[in-house]
Amino acid sequence: MKYFSLILINFILALNLYSKDFNEYKFNWYPRIIVEDDVIVFPDSSKYETYNTTGVWEDNFGNYGMMKCLVSQFINENQEITLDGYCEANDHKQGKFWMSLKRNSFNKAGVGESKYIFTETKYKILQGKECPYAAQLIEGGGVFKLKCKITNEEYNVLGKQNE
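In this report, we go over the structure that sits alongside the text. (Residues numbered from 1 in each chain as written. Predicted model: local features only at pLDDT ≥ 70, side-chain atom pairs only at ≥ 80, totals over all residues. Heavy atoms only, no water.)

### Here we look at the pattern of salt bridges
Working step 1: In this structure the tally under the stated criterion is nine salt bridges.
Working step 2: A salt bridge links Asp91 to Lys122, with the nearest nitrogen and oxygen atoms 3.3 Å apart. Residue Asp91 is found in strand β5 (residues 80-91), and its partner Lys122 is found in the loop between β7 (109-119) and β8 (130-138); the two are separated by 31 residues along the sequence. Neither residue differs from the other here; Asp91 and Lys122 are each classed as buried.
Working step 3: Residues joined in a network through salt bridges with shared partners are Glu24, Lys26 and Lys149. (Salt bridge = Lys/Arg side-chain N within 4 Å of Asp/Glu carboxyl O. Helix = DSSP H or I, 4+ residues; strand = E, 2+ residues; numbered from the N terminus. Buried < 20%, exposed > 50% of the residue type's maximum accessible area, 1.4 Å probe, protein only.)

Here it is as structure tokens:
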């Protein structure tokens with residue numbers, strides 16, 4: 001009976017862990033950020049800047065590729081940021097999607113909202129989907145993590161694309 005209880009507990013835990021990931025689309029991007037475009041510094045030390053970013057991305061379905069973004073941001077004197085960006089991504093099989101990024105938080109890290117504004121091929125299921133993301137800047141680059149809640153049907157469609 002002891003072994004049966006242990007097996008049952010392990011099965012329930014494994015099922016719970018699997019079902020948690022089952023309804024999520026996870027997207028990680030590792031951009032290189034160089035602010036060498038235009039910067040306007042105001043008398044109160046706030047500034048407006050634009051920059052280009054490029055980096056590799058991966059998702060939890062085994063897709064990966066390159067993504068580039070054009071970003072503008074206003075940073076006030078308290079280092080609070082208002083960010084607006086647009087991105088174009090290509091995967092390793094020439095699938096494409098475009099997304100927007102919005103964020104109101106602190107300069108070096110924060111959370112925001114992304115939206116898949118145009119999609120092609122297997123990413124059609126994500127068209128119009130809004131997803132929260134978190135970003136952390138490090139010297140010369142950053143880490144961007146997006147997590148979308150998706151239905152079982154959307155998960156199955158995305159999963160079948162890589163079979």
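### Some words on the side chain of Gln73
Working step 1: Residue placement: Gln73 occurs in strand β4 (residues 64-75).
Working step 2: At 2.5 Å, the side chain of Gln73 and the side chain of Glu49 are in polar contact.
Working step 3: Leave out the neighbours within four places in its chain, and Gln73 touches Lys47, Tyr48, Glu49, Tyr51, Ile81, Thr82, Leu83 and Asn107. (Polar contact = N/O pair within 3.5 Å; in protein donor to acceptor, adjacent residues only side chain to side chain. Contact = heavy atoms within 4.5 Å.)

### Examining helix α2 (residues 152-160)
Working step 1: Three or more residues of α2 are buried, namely Glu154, Tyr155 and Leu158. Within α2, the buried residues cover an arc of 100 degrees as seen down the axis, which keeps them to one side. Among the exposed residues of α2, those oriented more than 90 degrees off its buried face are Glu153 and Lys160. (Arc of directions from axis to C-beta.)

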